[in-house]
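Chains, contacts and geometry: an overview
Chain by chain, the residues:
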Number of protein chains: 2
Amino acid sequence: MGPTMHDVARVAGVSIKTVSNVINDYPHVRPGTRDRVIEAIEQLDYRPNLSARGLRSGRTGVIGLAVPSLRENYFAELADSVIRAAEARGLGVIVEQTGGQRDKELLAVSTSRPRFLDGLLFSPVSLGQEDAGALAIDGPLVLLGERIFDGPTDHVTMHNMSSAQAAVQHLLEIGRRRIALVGADLNGIDETSSASLRLKGYMRALEEAGIEMDPALVRTTEMSRWNRAGGAEAAHLLVRDGVEFDAVFALSDTLGLGVLRALGEENLRVPDDVAVIGFDNIDESNYSVPSMTTVDPGREEIAVLAVDRLIERISEKTADRRPPETVKPEFRIVKRESTGFPTIEGE
Amino acid sequence: MGPTMHDVARVAGVSIKTVSNVINDYPHVRPGTRDRVIEAIEQLDYRPNLSARGLRSGRTGVIGLAVPSLRENYFAELADSVIRAAEARGLGVIVEQTGGQRDKELLAVSTSRPRFLDGLLFSPVSLGQEDAGALAIDGPLVLLGERIFDGPTDHVTMHNMSSAQAAVQHLLEIGRRRIALVGADLNGIDETSSASLRLKGYMRALEEAGIEMDPALVRTTEMSRWNRAGGAEAAHLLVRDGVEFDAVFALSDTLGLGVLRALGEENLRVPDDVAVIGFDNIDESNYSVPSMTTVDPGREEIAVLAVDRLIERISEKTADRRPPETVKPEFRIVKRESTGFPTIEGE
DNA sequence: GTGAAAGCGCTAACAT
DNA sequence: ATGTTAGCGCTTTCAC
């Protein structure tokens, strides 16, 4: 067991309170005293016991991040951003994987969370609007994604609809008219899924361009197959169904990467025969053959916004509680080879 | 502030000790008493305060995992495996990213770690053999990777040399003779890098086949460019230098994926003109065009072995301390399209 | 500006 | 089989 505050106090010839003051940057400490304490800390290699601090102060300095899986690139990159944002603010991050399973998601916001985490960033994929009530947990909670709106907590989401609209506009601008959509929701349009919101953006863009939507171009994909295999399958089916198309809007980058693979196998050239745009801007989409145009929803900023919201909630006094707030970062279209633009290194 | 053991004890009509006994599965509790306590726990939605437990018992139930970055697929997938292994054993995981920077790696095993984590899994890339001394920290530590051998801690690594040898043998078996290697160490062979160990395996396989190594086929890549861009660059240079080759052994999958991209741009067909094998078996290598043959170093088992070693060390009494131990899982070659085998779904 | 002391919620030694 | 109790190392209120 390492040295304690008492040890430091003894070596520095002060009381434990003074040591505490120095460690917590309490301003009214005489410089000389402060120096003696710091010296003692270094001499003993003293480090505060966070369990004790946590017990006393009610804060552990650790937040949770609950995501479906780190094997999904988007969430691995989101975790990277969250961990860096949290570290910059002196917080550690415990990563929990829900596997996108409803029971594990419910667990993440309930019992599984003993009094330990200062707060939780939670990105559900199975819970929906009807579960908003389950979010009324005791600790600070910030929601990520678009499964639940108007819940009792802060919410960081993205411009799903307008960015999807912009994506389709980009395809229209390069002259495409038969634009397939890959990854639509099986249940049609419910307000709360990324897929539905992005589909709405697609429809809006077509409508503005005066193009009638062809249902044969809209391909559904089970949520569990929102990956390369699912994208490949959808593209193969498009071809084998004999549907004519000159562009694909994939509702996620991994779907898009699968589409690229399948189009290659079908001997269709990208972007000459078919242009492709994805959604998420994961690192990988810059390195596919060809590199893939995509929507950058502002992942990095989502992480920063979320961590900052959470910190605010953690330090907020119960009395002057602000009402829950929903924020979204700006998005941008990253143009690459799959829509006829050269790849920009490092983009 | 939630209910405490005292509250539970009061509701159940027992003493706090009995509550503690029930929670910690102490065997000698009368069934009826146990039931009353469990009922009270549920009624109050009581959850133990881990800070208090940690303070008292010296255990927090949280371990650390320090990796370069979750944006590198291999480490994201490793983190996934570690988190699942740890969860199965009731431990949480705080993920730290070192960015592969020497100073942050040193920090990970020193001051940055206040008395909080029960133990640390550490995958260094900048620290080397000469830093073995820095690992003599107080808490349990298990090392991952191959930067440091014979250090003072347990070490989970992989069969770098023999698996690399097997990779090259696979290329030889399909009739390739001019096998390029992408990703060699700039500093030539030092014992402690994955690159060097895998290069040795390459040389051994060639030697056994009676093929003389052609230095023009061995391409070096800076550690910081062990990614798709670095792999692509190396492949482009191979072609532009006019080197003849019919296969590439990429020392990592991301290098290999870059190689695939570059070969496509150079109008070389894979595997007809050039066969490609990677190393790591990240999910992505199964979805490239073409899908990529690779070495599966046993990542999943590495995680389990590491977590189990760490748990043993955590619960070990200082007295009967076992000497440090080095373990490696089995590897296997996953054959895919890039060496002429059909992709197997889900492989 | 600094010290003394209480107590956060829990575990475990000891008592019954 | 269960109860009593003393801390674990820290923060914080209250003195001085």
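These numbers come from a predicted model, not from an experiment. (Residues numbered from 1 in each chain as written. Chains lettered and ligands numbered in written order. Predicted model: local features only at pLDDT ≥ 70, side-chain atom pairs only at ≥ 80, totals over all residues. Heavy atoms only, no water.)

Right, let's get into the domain arrangement of chain A. For chain A, the assigned domains read domain 1 (5-47), domain 2 (56-158 + 299-316) and domain 3 (160-296 + 333-339). Just the C-alpha atoms count here: the centres of domain 1 of chain A and domain 3 of chain A sit 60 Å apart. (Domains from an automatic or database assignment.)

Below, the discussion takes up the protein's contact with DNA strand D. Lining the immediate environment of DNA strand D, one finds 24 residues, of which Y46(A), S15(B), T18(B), T33(B) and R56(B) sit closest. In DNA strand D, the atoms that sit within 4 Å of the protein are 61% sugar and phosphate, with bases accounting for the remainder. At 2.6 Å from a phosphate oxygen of DNA strand D is found a main-chain nitrogen or oxygen belonging to M5(A). S20(A) places a side-chain nitrogen or oxygen 3.3 Å from a phosphate oxygen of DNA strand D. Elements with a minimum of two residues in the surface near DNA strand D: α2 (16-23) and α4 (50-57) of chain A together with α2 (16-23) and α4 (50-57) of chain B. Residue composition of the surface near DNA strand D, grouped by class: 10 nonpolar, 8 polar and 6 charged. (Near = heavy atom within 4 Å. Polar contact = N/O pair within 3.5 Å; in protein donor to acceptor, adjacent residues only side chain to side chain. Helix = DSSP H or I, 4+ residues; strand = E, 2+ residues; numbered from the N terminus. Nonpolar A, V, L, I, M, F, W, Y, C, P; charged D, E, K, R; others polar.)

On to the environment of L255(B), then. Residue and element names in this part refer to chain B. Tracing the sequence through the fold places L255 in helix α10 (residues 253-265). You can call L255 buried: its relative accessible area is 0%. Considered as a pair, L255 and N24 are 231 residues apart in the sequence and their alpha carbons are 49 Å apart. In this view, L255 contacts V182, G183, T221, R225, W226, N227, G230, G231 and A250; residues no more than four positions away in its chain are not counted. (Buried < 20%, exposed > 50% of the residue type's maximum accessible area, 1.4 Å probe, protein only. Contact = heavy atoms within 4.5 Å.)

S15(A), T18(A), T33(A), R56(A) and Y46(B) are the nearest of the 25 residues found near DNA strand C. Within 4 Å of the protein, the contacting atoms of DNA strand C are drawn from sugar and phosphate to the extent of 66%. One nitrogen or oxygen atom from the main chain of A52(B) is found 3.5 Å from a base nitrogen belonging to DNA strand C. Here a phosphate oxygen of DNA strand C and a side-chain polar atom of R53(B) are 2.7 Å apart. Elements supplying a minimum of two residues to the surface near DNA strand C: α2 and α4 of chain A together with α2 and α4 of chain B. Residue contributions to the surface near DNA strand C peak at 4 residues, all from α4(B). Looking at the surface near DNA strand C residue by residue, the classes come out as 11 nonpolar, 8 polar and 6 charged.

With that settled, consider α4(A). For α4(A), every residue scored as buried is listed here: L50(A), S51(A) and G54(A). The buried residues of α4(A) occupy one face: seen down the axis, they fall within an arc of 105°. On its buried side, α4(A) packs onto α4 of chain B. Residue N49(A) occupies the N-cap position of α4(A), its side-chain oxygen lying 2.8 Å from the main-chain nitrogen of S51(A). (Arc of directions from axis to C-beta.)

Mapped onto the present numbering, the UniProt feature "domain: HTH lacI-type" (unreviewed entry) falls at residues 3-57 of chain A. Between the end C-alpha atoms of residues 3-57 of chain A the distance is 20 Å, and the span holds 69% helix and 0% strand. (UniProt positions renumbered as here; feature names shortened; annotations may be inferred.)

What follows concerns the nonpolar core. L121(A), Y202(A), F249(A), L121(B), Y202(B) and F249(B) are the most contacted members of the largest nonpolar core, which has 144 residues in total. Within the second largest apolar cluster, 34 residues are counted, among which are I94(A), L120(A), L127(A) and L143(A). (Core = buried A, V, L, I, M, F, W, Y, C linked by side-chain atoms within 4.5 Å.)

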